[in-house]
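# Structure at a glance
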Amino acid sequence: MFEARWLTIDDRQRMFRALARPRADHRSLWLFACACCRLIPELASDDQASHALGEAESCASGLLPREDLQKHWPGPLPDGGSREARMALQWVVQPWLDGWTAWKAAMAAGTIMQTGTPAMVSTTSETGERLGRRAERRAAGRAKKARRLLLGHLLHDIFRPPSPLPRIDAVVLTWNKGIVGKIARAINEERRFDEVPILADALEEAGCIDADILDHCRAPRPHTRGCWVVDIILGRG
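## Things to note about the overall build of the protein chain
- Helix and strand counts for the protein chain come out as 13 helices and zero strands.
- Of the regular secondary structure in the protein chain, the N- to C-terminal order runs α-α-α-α-α-α-α-α-α-α-α-α-α.
- Per-residue burial for the protein chain yields a buried fraction of 50% across its 237 residues.
- Accessible surface for the protein chain amounts to roughly 11900 Å². Of this, 53% is attributable to carbon and sulfur atoms.

## Considerations on the packing of helix α3 (residues 26-38) against helix α5 (residues 47-60)
- At their nearest, the axes of α3 and α5 sit 9 Å apart, and the two run at 165° to each other. When the axes of α3 and α5 are compared, the pair comes out roughly antiparallel. Read as a crossing pair, α3 and α5 show a hand that is left-handed. Across the interface between the two elements, Arg27, Trp30, Leu31, Cys34, Cys37 and Arg38 of α3 pack against Ser50, Leu53, Gly54, Ala56, Glu57, Cys59 and Ala60 of α5.

## A word on the nonpolar core
- Core analysis: the largest hydrophobic core is formed by 35 residues, its most contacted members being Trp30, Phe32, Cys36, Cys37, Leu43 and Val92.
- Ranked by residue count, the leading element in this core is α3, at nine residues.
- Excluding its chain neighbours within four sequence positions, the residues that come into contact with Trp30 are Ala56, Cys59, Ala60, Arg66, Leu69, Val92, Gln94, Leu97 and Ala102.

## Digging into the pattern of salt bridges
- Tallied over the entire structure, the rule returns eight salt bridges.
- Asp231 serves as the salt-bridge partner of Arg27, at 2.7 Å between the closest nitrogen and oxygen. With Arg27 in helix α3 and Asp231 in helix α13 (residues 228-233), this pair connects stretches of sequence that are 204 residues apart.
- Linking Glu204 and Arg218 is a salt bridge whose minimum nitrogen-to-oxygen distance equals 2.7 Å. Placement of Glu204 in helix α11 (residues 196-206) and of Arg218 in helix α12 (residues 211-218) is noted, with a sequence separation of 14 residues between them.
- Among the residues examined, Glu204 registers a relative accessible area of 40% and is labelled partly exposed.
- Overlapping salt bridges, with partners in common, bring together Arg38, Glu57, Arg191 and Arg225 in one network.

## Quick notes on the state of the cysteines
- Using the criterion set out here, one finds zero disulfides in the structure.
- You can see Cys34 has no disulfide; the closest cysteine sulfur is in Cys37, sitting 6.6 Å from it.
- Cys227 supplies the cysteine sulfur nearest to Cys217, a cysteine that is in no disulfide, at a spacing of 6.0 Å.
- Look at Cys217 and you get buried, because its relative accessible area is 1%.

## Details of the confidence of the model for the protein chain
- Averaged over the protein chain, the pLDDT score is 79; the fraction of residues at 70 or greater is 77%.
- Taking the mean pLDDT of every element in the protein chain, the minimum, 53, falls on helix α8 (residues 118-131) and the maximum, 97, on α11.

## Here's the deal with the side chain of Ser61
- Assignment of secondary structure puts Ser61 in the loop between α5 and α6 (83-92).
- Ser61 gets classed as buried once you look at its relative accessible area, which sits at 17%.
- Apart from the residues within four sequence positions on either side, Ser61 is in contact with Arg27, Leu31 and Arg236.

Cut-offs used in this document
- Residues numbered from 1 in each chain as written.
- Predicted model: local features only at pLDDT ≥ 70, side-chain atom pairs only at ≥ 80, totals over all residues.
- Heavy atoms only, no water.
- Helix = DSSP H or I, 4+ residues; strand = E, 2+ residues; numbered from the N terminus.
- Buried < 20%, exposed > 50% of the residue type's maximum accessible area, 1.4 Å probe, protein only.
- Areas by Shrake-Rupley, 256 points an atom, 1.4 Å probe, with all protein chains shown as cover.
- Axes fitted to C-alpha atoms, helices over the stretch in contact; angles between N-to-C directions.
- Parallel < 35°, antiparallel > 145°, perpendicular 65-115°, else oblique.
- Left-handed = near helix turned anticlockwise from the far one by under 90°.
- Contact = heavy atoms within 4.5 Å.
- Core = buried A, V, L, I, M, F, W, Y, C linked by side-chain atoms within 4.5 Å.
- Salt bridge = Lys/Arg side-chain N within 4 Å of Asp/Glu carboxyl O.
- Disulfide = S-S within 2.5 Å.
- pLDDT = per-residue confidence, 0-100.

Written out as structure tokens, the structure is:
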């Protein structure tokens, strides 16, 4: 399966079946689960939950000892949050997450993000009350389609195509005092993922000609921690 075919898969179940292979390592699955949780409103608006997700991401990347994550288990859980949101967070902040539980966490968070929590669904219900039930069903369908599309974007961003691992030559990484690596590190650590297209410009100026890498950075899709291009540059791919 090459890059073009991989990007045409928009069904979550087909994507996960395609990822049932050694490349779907527990780190990538863990980061994907975290990214899904960040899109659940009850978690994104809760400071403690956001902090716990940040530490889970750091643990997944080996930047924080797992012991530091234990203080968040079985919480923190947002006050008034839905059962679905609380369940997703509980899966993600497990300090003993391994390959199997990372897979379950990714499936749980991805499914919850796609189907929507009560808070996510209530927005479309309020629209329906104003415009009528037929409009409500249309609004709910559009919202679900948008969540499904975003879920696909996250999968495409974190999991590279099931093809040989792209390589970035050392001369590219050392060009201009290692500016490519500095940009990638700043994007990852400071969550400046809207600047990934700038990374593509730096890669190209440094001599990178790999179309899959450049196109991935410039595609009009969101990026997150675990982006496979950023990971390759930082030596985590």
